[in-house]
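Per-entry structural report
Listed below, chain by chain, are the residues.
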Amino acid sequence: MQLSFPGPPSGQWPTPTPRVRELLRQGAEHVLNAPADWLEAIDLAGLSLKSMIILADDPVLMSASRRAARFSVIHWARANIENPGEPVPPYLPADELSVARELLRRGKTELLFNASRAAQGTAWQQWMTIAFELTADPQELRSLLALSARSIGDYIDASMEILAEFLRSEREARLRDSHVERRELVTRIVEGGEVNVHQASRQLGYTLEQAHHAAVIWSEEADTQLATLEQAAKALVRCAGGRHALTVIANAATLWVWTTADKPVDLQPLLMALKSLPGVRLAMGSTGQGAEGFRRAHLDALTTQRVLGRLHSDARVVNFDNHHIAGGHAL
């Protein structure tokens, strides 16, 4: 006789009989009292992936990852001892968050989700062994496996959703921190502060000792999206034929941009690009050379932006060098 174990309809939590709840509770107790090698198999399941070799050389990360996998299993088991058959609240051990931060730093966060699924597969194999020892009744076994499959799957899914949100928040925090540091350094340069040009170039990822185009990109519309301003910055770099660019978030609706000045900016395609970005405006400074040109070009772009503001001009693109105005009325 071949058994199949269908889960309940999507969105509907199963209603187990008291007998099935008791079987699940007994199985959860088996998990808590399982031999060390049983839990170790789950610990190592995710780490056995070739992609997880990144942890093999770091004993601290390896230990944290193993503890996280074990604590996650223990949390599920304890929940089903206390409330067998009820949804298990999601749980992320502190070790899991520590590993997540490190893998985020290394740009390898996808490994977390791959490892979780691998560990889940091994845990399910171990759980089926327990389930078949608890009952020989086909109907009870069918119900027990259907319930536990739903319980484990939902528990892992909910925990992974929290992990994904944690990683998103960490990425945003790191991005904000990097932009704050970048803005502080750029502000020091623009204000004429003393800086080591070579060191500043390394920190910014942008060479100061070269020719620069500079621009201020902003929008006065409500709910301006940073991504929209970044599209305008990319259009500027493209129309300048730039090889490298530096973008700094000045505030929620303003970007400061520099790019290599290998050739004059082609204004017509730039204006066409901005027409598809409602409310976005761009003021360019003079072309400058070296660190002083970097500073002067930016100050010119700020001056141009302020003039537009005082005159209430609706121009979309303005070039300080030749006072060219596009996309609105001339000054």
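Predicted model, so just to flag it, every value in this text is computed and none were measured.

So, on to the packing of helix 1 (residues 18–32) against helix 7 (residues 138–190). Relative to each other, helix 1 and helix 7 sit at 65°, their axes nearing to 10 Å. Crossing hand, helix 1 versus helix 7: right-handed. Every residue of helix 7 that contacts helix 1 at Arg19, Val20, Leu23 and Leu24 is listed here: Glu140, Ser143, Leu144, Leu147 and Ser148. A per-class count over the contact of helix 1 with helix 7 returns five nonpolar, two polar and two charged.

Attention shifts here to the nonpolar core. Membership of the largest hydrophobic core comes to 41 residues, with the highest contact counts inside it found for Trp76, Trp127, Leu144 and Leu163. For this core, the secondary-structure elements that each account for two or more residues are helix 1, helix 2 (36–45), helix 4 (59–82), helix 5 (94–105), helix 6 (110–134) and helix 7. Per-element accounting of this core gives the leading share, 11 residues, to helix 7. For tryptophan 76, the residues in contact, after removing those within four places along its chain, are Leu24, Val88, Trp127, Ser151, Ile152 and Tyr155.

Summed over the entire model, instances satisfying the criterion amount to three aromatic pairs. Pairing tyrosine 206 with phenylalanine 294 gives two aromatic rings, centres 6.3 Å apart and planes at 45°, and the pair type is tilted. Linking tyrosine 206 in the loop between helix 8 (197–204) and strand 1 (211–219) with phenylalanine 294 in helix 11 (residues 290–311), this pair joins segments that are 88 residues apart in sequence. Each member of the pair, tyrosine 206 together with phenylalanine 294, is buried. A connected cluster of aromatic rings, assembled from ring pairs, spans Tyr206, Trp258 and Phe294.

With that settled, consider the pairing of strand 3 (residues 254–260). Burial analysis of strand 3 places seven of its seven residues in the buried class, which makes it a mostly covered element. Bridge count between strand 1 and strand 3: seven bridges; the pairing is antiparallel. Each bridged residue has a counterpart across the sheet, and for alanine 215 the counterpart in strand 3 is valine 257. Of the strand pairs in this sheet, strand 2 (residues 245–251) and strand 3 are connected by six bridges, and their pairing is antiparallel. The residue of strand 3 that forms the bridge with isoleucine 249 is leucine 255. In this structure, the hairpin formed by strand 2 and strand 3 is closed by a connection of two residues.

On to the pattern of salt bridges, then. Overall, the coordinates contain 13 salt bridges when judged by the stated rule. Arginine 25 is the salt-bridge partner of glutamate 22, the closest N and O atoms lying 2.6 Å from each other. Taken as a pair, glutamate 22 and arginine 25 lie in helix 1 at a separation of three residues, close to a single helical turn. Residue classification places glutamate 22 among the partly exposed residues on the basis of a relative accessible area of 28%. By relative accessible area, which is 23% here, arginine 25 ends up partly exposed. As a salt-bridge pair, glutamate 29 and arginine 25 come within 2.7 Å of each other at their nearest N and O atoms. With glutamate 29 and arginine 25 both in helix 1, this residue pair falls four residues apart, about one helical turn. Judged by its relative accessible area of 32%, glutamate 29 falls in the partly exposed class. When salt bridges with common partners are traced through the structure, they connect Glu22, Arg25 and Glu29 into a single cluster.

The next thing to look at is the side chain of arginine 316. For arginine 316, the position within the fold is in the loop between helix 11 and strand 6 (317–319). No salt bridge is formed by the buried arginine 316, whose closest oppositely charged neighbour, glutamate 221, lies at an N-O distance of 8.4 Å.

Take the side chain of threonine 109 next. With respect to the element layout, threonine 109 can be found in the loop between helix 5 and helix 6. In this structure threonine 109 comes out as buried when scored by relative accessible area, which is 11%. At a separation of 3.0 Å, a polar atom in the side chain of threonine 109 contacts the side chain of arginine 171. Once residues within four sequence positions are removed from consideration, threonine 109 is found in contact with Leu103, Leu104, Leu167 and Arg171.

The rules behind the values
Residues numbered from 1 in each chain as written. Predicted model: local features only at pLDDT ≥ 70, side-chain atom pairs only at ≥ 80, totals over all residues. Heavy atoms only, no water. Axes fitted to C-alpha atoms, helices over the stretch in contact; angles between N-to-C directions. Helix = DSSP H or I, 4+ residues; strand = E, 2+ residues; numbered from the N terminus. Left-handed = near helix turned anticlockwise from the far one by under 90°. Contact = heavy atoms within 4.5 Å. Nonpolar A, V, L, I, M, F, W, Y, C, P; charged D, E, K, R; others polar. Core = buried A, V, L, I, M, F, W, Y, C linked by side-chain atoms within 4.5 Å. Buried < 20%, exposed > 50% of the residue type's maximum accessible area, 1.4 Å probe, protein only. Phe/Tyr/Trp six-rings, centres within 6.5 Å; stacked < 30°, edge-to-face > 60°. Pairing = 2+ DSSP bridges. Salt bridge = Lys/Arg side-chain N within 4 Å of Asp/Glu carboxyl O. Lys, Arg positive; Asp, Glu negative; His and termini not counted. Polar contact = N/O pair within 3.5 Å; in protein donor to acceptor, adjacent residues only side chain to side chain.

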